Each structure stands twice: as C-alpha cells, then as structure tokens.
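The residues making up each chain are set out below.
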Amino acid sequence: SDVYKRQAEYMGMGAPAAASLDFIEMMIAKQAPLTKVLRLLCLQCLIDNGLKQKSFDYFRREILHTYGFEHLVTLKNLEKSGLLYKNDAKSNWQRLEKGLKLINENVNVMSPDDAAYAYWGYASVTARLVEHALKNHWRGIKDSLSLLPGEIYIEEKTAVPIKKGKKSVVLVYFIGGVTFSEIAALRCIAKVQDKELVVATTNITNASEFLKAMIKKRDEKAIVRKQNA
C-alpha cells in the first residue's frame, strides 16, 4: 500500500521531509486509520530526530480535530514513550544507518543471506546488534551505540568450548516485545553464522498492535472515570 511504500522510503532516506509531512497531512484529510497516521508520524520523528515546533503543533491540532479530542491522551502516551516529540537538533539517523549498515537494497528476499530481507531491504537495529554480539565486534560499532537512546551495558565473558559437531546456543531476550519480522531476521542470522538462537520475549507485537495499545490506554482511563463518577 501507499503507507508501506512511504515507510520504506523513510527508512531508505528516499523521501524529503516536506513531501513526507504532506503525505501524512493528506492521510489525515482522508481520515485514514489513526494507527497508520501515527505510525508514519512517529517514524518521521525517528528519521528527523523529532518534528519542528511548528509541524509538531500543527499535526497535534489536526489529529485532535479530525479524530477527536479524546486522543489527547493517545498523543501524550506517544510523547511519554519517546516516539512523538519536537526537536530542532540534527538527526542521528544517517550516522546510525551507515554505522550499522541498516539498509541493504540488494538483499535477495527469495534466498536471503542478510537480516535486511525481513523488512525488504531494512535491517532492524536489534538484528544488527545481535550480529555484532555474536562476532564480538562491539568495539567496531562503539560510535553507533552512543547514538542509541538509553544506557548501554556490555559484559564480555569467555565462551564455553563447543563440542565438535555441536552448535553454540545463544539466548536473545527482548523486554517489551519483539515483532515476527525481527524473529525472522534472527533466524537468518542464525543460519548464516551457523548458530542456534533462542528468542525469548515479554510480548510478540507489531506496529499496529503497539499503537492500538497506546489508544487503548485512553479507553481504559475513560472507563475508570465513569466508574468513579
């Protein structure tokens, strides 16, 4: 669909910011599903390191006028999660994309040998981090790690010798959730590096379900208010 095409252009840096925001504005005017609008808006924040004050206020106002003022809580949830925000600073996306080689336009999706096949040319940050972890290449991506939000904790231990004919088993644990595409990317990595990856997580999700949960919080709060009235 046009939405997913636009998403691919975002990740490959093929769409100018102005054109991307115009597309989102058109979606709002057509009253496209709110989850799709928010998905692209949050992605635009990631690529451009936030929206400029004028754009942030404009889209916030348009969303509330089009979809209802009850979604004020939805927008607040996204802001608290660090997905929707305003920032005039320069984006780190291009440095992160180049440092971790997140884009591989030549990947063979029919016979994949790179984790980028799972997203049709885009390798998730989680997939690239696991790749480097398996190869103990942390020092080579030190600059890229500094661009990621939150604190980074690395503890290196001596690997246990593997018996001949056996594969090393590696546990990858996602706190907060993982998508099926990320799991598919890890399976590709396991095949290429001849490892056995065990994936554990607190939740299996996707963009739509994640955004629906943000909207759902608003409904739950409304129910609580009614019950306490």
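Residues numbered from 1 in each chain as written. Predicted model: local features only at pLDDT ≥ 70, side-chain atom pairs only at ≥ 80, totals over all residues. Heavy atoms only, no water.

Requested: an account of the pairing of strand β1 (residues 169-174), with residues and values cited.
Along any regular strand, the residues point their side chains to alternate faces of the sheet. Looking at chain direction, β1 and strand β2 (residues 196-201) are connected through 6 bridges and run parallel. Within β2, the position partnered with Val170 by the bridge is Leu197. The parallel pair β1 and β2 is bridged by helix α9 (residues 180-193), and the resulting crossover is right-handed. (Pairing = 2+ DSSP bridges. Helix = DSSP H or I, 4+ residues; strand = E, 2+ residues; numbered from the N terminus. Right-handed = clockwise from strand over helix to strand, strands pointing away.)

Quick rundown of a nonpolar patch on the surface? Include the residues and the values.
A surface patch of nonpolar side chains, amounting to about 550 Å² of accessible area, comprises Val169, Leu171, Tyr173, Ile175 and Val198. Here the nonpolar patch gets 3 residues from one element, more than from any other, and that element is β1. Structurally, the position occupied by Val198 is in strand β2. Among the residues examined, Val198 registers a relative accessible area of 37% and is labelled partly exposed. (Patch = residues over 30% accessible without salt bridge, like charges linked within 9 Å, V, L, I, M, F, W, Y side chains within 5 Å. Areas by Shrake-Rupley, 256 points an atom, 1.4 Å probe, with all protein chains shown as cover. Salt bridge = Lys/Arg side-chain N within 4 Å of Asp/Glu carboxyl O. Buried < 20%, exposed > 50% of the residue type's maximum accessible area, 1.4 Å probe, protein only.)

Requested: an account of the pattern of salt bridges, with residues and values cited.
The final tally for this structure, using the stated rule, is 5 salt bridges. Across the pair Arg128 and Asp114 runs a salt bridge, and its minimum N-O distance is 3.1 Å. With a gap of 14 residues between them, Arg128 in helix α7 (residues 125-135) and Asp114 in the loop between α6 (93-100) and α7 connect regions that are remote in the sequence. For Arg128, a relative accessible area of 6% translates into the label buried. Residue Asp114 is classed as buried on the basis of its relative accessible area, which comes to 14%. Here Asp194 makes a salt bridge to Lys167, at a shortest N to O gap of 3.5 Å.

Any functional reading would require information beyond the geometric quantities listed.
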